[in-house]
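Structure at a glance
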Amino acid sequence: MNITQLIFLRPRETPSSYKDEGHSLEIGLIPLQIGDMRRWDDGVWQVAHVETYAASTETSNTFHLAVLTLDGTLANPLALHVGNQRLLHLYFSSEDVALTWPEPDECLPHLGDEAPPLEGWQVERMQKFLSDCADALYDLVLVCWCVPINAASAATAA
């Protein structure tokens, strides 16, 4: 399974700067390529930049970041960096998905921890994805697969 974070950017008045319009997730079999098109917010957007993150352990899942612009060009991918927030956490449950950008001093989640953005869910398993590129938007992407707190408690009691 390919998990891809989509970032939609519009150009600002000054050259090489962008306004972050929104984020989305896409799960599919084939990763996005530069030039691929997606409809979002009443517009047609084109993939301008793709980053691939390697799993820290063997898995069939992959993580990619795709930056989309209206014209399919990105003058300066380094302009994507925002402060020191180089961590992305994704929380998946059977009912919802949440993206979080934790502050660097926050603790990473652990197995069995409650998933803060998904009330009533806890982390059942995690997968780490690391960038192999110094210019990547994230140093670490942590995907947390979550189960309902009651179901996890019942499974441990049995």
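Described below are features of the structure shown in this document. (Residues numbered from 1 in each chain as written. Predicted model: local features only at pLDDT ≥ 70, side-chain atom pairs only at ≥ 80, totals over all residues. Heavy atoms only, no water.)

This brings us to the pattern of salt bridges. Tallied over the full model, the rule gives 3 salt bridges. Residues Arg-38 and Glu-26 are paired through a salt bridge, measuring 2.8 Å at the closest nitrogen-oxygen approach. Of the two residues, Arg-38 is situated in strand β3 (residues 37-40) and Glu-26 in strand β2 (residues 18-28); the sequence distance between them amounts to 12 residues. Through salt bridges with shared partners, one network takes in Arg-10, Glu-21 and Asp-41. (Salt bridge = Lys/Arg side-chain N within 4 Å of Asp/Glu carboxyl O. Helix = DSSP H or I, 4+ residues; strand = E, 2+ residues; numbered from the N terminus.)

Okay, the nonpolar core next. Core analysis: the largest hydrophobic core is formed by 20 residues, its most contacted members being Tyr-53, Phe-63, Leu-90, Val-141 and Val-143. If you list the elements that add at least two residues to this core, you get β1 (2-11), β4 (43-55), β5 (62-69), β6 (87-92) and β9 (140-148). The contact partners of Phe-63, leaving out residues within four places of it in the chain, are Ile-3, Gln-5, Glu-51, Thr-52, Tyr-53, Leu-88, Leu-90, Phe-129 and Val-141. (Core = buried A, V, L, I, M, F, W, Y, C linked by side-chain atoms within 4.5 Å. Buried < 20%, exposed > 50% of the residue type's maximum accessible area, 1.4 Å probe, protein only. Contact = heavy atoms within 4.5 Å.)

Structurally, the position occupied by Gly-112 is in the loop between β7 (97-100) and β8 (121-131). For Gly-112, a relative accessible area of 41% gives the class partly exposed. Distance in space between the C-alpha atoms of Gly-112 and Val-123 is 5.2 Å, their sequence separation being 11 residues. Discounting chain neighbours no more than four positions away, the residues touching Gly-112 are Gln-122 and Val-123.

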